[in-house]
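As a plain string of letters, each chain reads:
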Amino acid sequence: MLTTKFITENATEVIARLAKKHFDASLIVSEVISLDTLRKTTQTKLDEVLAEMNAISKAIGDLYKQGKKQEADEAKEKTVVLKEKSKELSDILDSAEQKLHTLLLQIPNLPHASVPEGKGADDNTIERSGGTIPSLPANALPHWELAKKYDLIDFELGVKISGAGFPVYKGKGAQLQRALINFFLSNASQAGYLEIQPPYVVNAASGYGTGQLPDKDGQMYHATIDDLYLIPTAEVPVTNIYRDVILQEKELPIKNTAYSACFRREAGSYGKDVRGLNRLHQFDKVEIVQIQHPDKSYETLDEMVNYVQTLVEKLELPWRILRLCGGDMSFTSALTFDFEVFSAAQNRWLEVSSVSNFESFQANRLKCRYKGDDKKTSLCHTLNGSALALPRIVAALLENNQTEEGIVIPKALVPFTGFTLIS
RNA sequence: GGAGAGAUGGCAGAGUGGUCGAAUGCGGCGGUCUUGAAAACCGUUGGCCUGCGAGGGCCCGGGGGUUCGAAUCCCUCUCUCUCCGCCA
């Protein structure tokens, strides 16, 4: 959420920059400005009335102490009008504030100047790429066939127990999952991230804090009996650690990492691109989160992107980094880099990570601030990224590394799997 | 699930319906002293809105009410803790 102050002071800039996200903000910005004006003037009037009330109340107290009961009663009469007036004004104020808040929630984050123009995924620009795309034999199998051939993942069993999108990992399939989680976590720890084990269900306040609510209400599983939500990513609980927190400037940056299972309803997405591991209702992911000083958040974004790059390189997967265009970016992001790996048998790129700088957009909702030496409090910047999401990594590993003998485990992962080949 | 207690500043913990935004202690910060440190002593120490500023207003879990006036009284919601039961 943008701050009212920023919008009112930079109205034309806000409108111009949001055009890149294909969001016409002209109307909403002018409404924000007029509501904010109303809010300020009403607040001032109300404060005056309240100040007078306070003065009278105090005087009445004194009069009673002096035993001047009649004068006190006279003073009481004066408050009747003031009371009505204050009620009236605070009603106006409440409604203005509420409307203002509703509008603010509808305004997306401003895209960074470096965000390319564009409508959708085709307009994202390739930042850089690496690794080599393997040339597979004609009879190469997609990962869902390989998973069956080597008895690694049972999709039908998941349907029986839960439903589509809840695979059951078995044997070396399960061990591979565990190895990847450990691989990602231990890399993150070495890179200076503090490992966190967060709750997998969160309350509504946390959902609002990171922006899943109210925007993406239908995307989370909701345990209505307790009004708790299953997390779609560890970002939600880990970032909400800092909700309503004022950090000391010297504590920045905060670097946290967490593994979690992630739950997504993925309502409305069906078709061939959801085959196998490509899109699931439950999957595993290691997330990295940073909270940083506003002046340093873009350096940090680069650092995080570089870090994720080391992971795909160690896994020896062909990768590329996309700079998302205005039309493909999320509501909350200012700049996002997506990582894709090439899954050779499906012959397509799969998104395995998304690294974003939210600037102060998320922090404003969270009320996550820092206090500097000047004792002023200001909003932090928040960033996060997947490092990494497992299923599509597994898909690419299985497909790209298939040989006559079996599936070859990348060297960097062997210490974690304890085996070199799936056969 | 049953019974009870409670929610106050970074933490602990007072608080009579009226100079309470709130005692006191600890912690934090600054200083004196010291070669340095500790101790001791002195000072300081929340957030939000508004205003150039002086200042004004709001905040004692959330919401509502009573009252000229509420941290204090009433209603309601949420949460936490203790004991019992069940249980990884």
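Notes on the structure follow. (Residues numbered from 1 in each chain as written. Chains lettered and ligands numbered in written order. Predicted model: local features only at pLDDT ≥ 70, side-chain atom pairs only at ≥ 80, totals over all residues. Heavy atoms only, no water.)

## Focus on the sheet that holds strand 1 (residues 125-130)
Right, on to step 1. Taking strand neighbours across the sheet as the criterion, the 8 strands line up as 1-11-12-13-16-10-9-4 in an open arrangement whose pairing is mixed. Sheet topology places strand 1 and strand 4 (194-196) at the edges, where each strand pairs with a single neighbour. When strand polarity is set aside, the average angle formed by the axes of neighbouring strands in this sheet is 25°.
Right, on to step 2. Of the strand pairs in this sheet, strand 1 and strand 11 (residues 319-323) are connected by 5 bridges, and their pairing is antiparallel. From the neighbouring strand, I126 faces strand 11, where its bridge partner is L322. (Pairing = 2+ DSSP bridges. Helix = DSSP H or I, 4+ residues; strand = E, 2+ residues; numbered from the N terminus. Axes fitted to C-alpha atoms, helices over the stretch in contact; angles between N-to-C directions.)

## Considering a negative patch on the surface
Right, on to step 1. Side chains of E249, D295, E299, D302, D373 and D374 sit close together on the surface and give a patch of like negative charge.
Right, on to step 2. Structurally, the position occupied by D373 is in the loop between strand 14 (368-371) and strand 15 (377-379).
Right, on to step 3. Of the residues examined, D373 reaches a relative accessible area of 79% and is grouped as exposed. (Patch = residues over 30% accessible without salt bridge, like charges linked within 9 Å, V, L, I, M, F, W, Y side chains within 5 Å. Areas by Shrake-Rupley, 256 points an atom, 1.4 Å probe, with all protein chains shown as cover. Salt bridge = Lys/Arg side-chain N within 4 Å of Asp/Glu carboxyl O. Lys, Arg positive; Asp, Glu negative; His and termini not counted. Charge placed at Lys NZ, Arg CZ, Asp CG, Glu CD. Buried < 20%, exposed > 50% of the residue type's maximum accessible area, 1.4 Å probe, protein only.)

## A word on the packing of helix 2 (residues 11-18) against helix 3 (residues 26-65)
To characterise two packed helices, one gives the angle between the axes of the helices and the distance between these axes.
Right, on to step 1. Remark: helix 2 packs on helix 3, axes separated minimally by 10 Å, with the N-to-C direction vectors making an angle of 155°. As far as their axial angle goes, helix 3 and helix 2 are roughly antiparallel. The interaxial crossing formed by helix 2 with helix 3 has right-handed handedness. Where helix 2 approaches helix 3, its residues A11, V14 and I15 are matched on the opposing element by S26, V29 and I33.
Right, on to step 2. Looking at side-chain class alone, the contact of helix 2 with helix 3 contains 5 nonpolar, 1 polar and no charged residues. (Parallel < 35°, antiparallel > 145°, perpendicular 65-115°, else oblique. Left-handed = near helix turned anticlockwise from the far one by under 90°. Contact = heavy atoms within 4.5 Å. Nonpolar A, V, L, I, M, F, W, Y, C, P; charged D, E, K, R; others polar.)

## Things to note about the sheet that holds strand 8 (residues 245-248)
Right, on to step 1. Across the sheet, which stays open at both edges, the 3 strands sit in the order 8-14-15 with mixed pairing between neighbours. Every interior strand has two partners, whereas the edge strands, strand 8 and strand 15, have only one. The sheet shows a mean angle of 35° between the axes of neighbouring strands, taken without regard to direction.

## Looking at the protein's contact with RNA strand B
Right, on to step 1. Taken together, 19 residues lie near RNA strand B, and R39, D47, S57, K371 and T377 sit nearest.
Right, on to step 2. Within 4 Å of the protein, the contacting atoms of RNA strand B are 72% sugar and phosphate, with bases supplying the remainder.
Right, on to step 3. At 2.9 Å from a phosphate oxygen of RNA strand B is found a side-chain nitrogen or oxygen belonging to R369.
Right, on to step 4. Contact distances for RNA strand B include 2.9 Å between a phosphate oxygen and a side-chain N or O atom of K371.
Right, on to step 5. Counting residues per element, the surface near RNA strand B draws most heavily on helix 3, at 12 residues.
Right, on to step 6. By residue class, the composition of the surface near RNA strand B is 5 nonpolar, 7 polar and 7 charged. (Near = heavy atom within 4 Å. Polar contact = N/O pair within 3.5 Å; in protein donor to acceptor, adjacent residues only side chain to side chain.)

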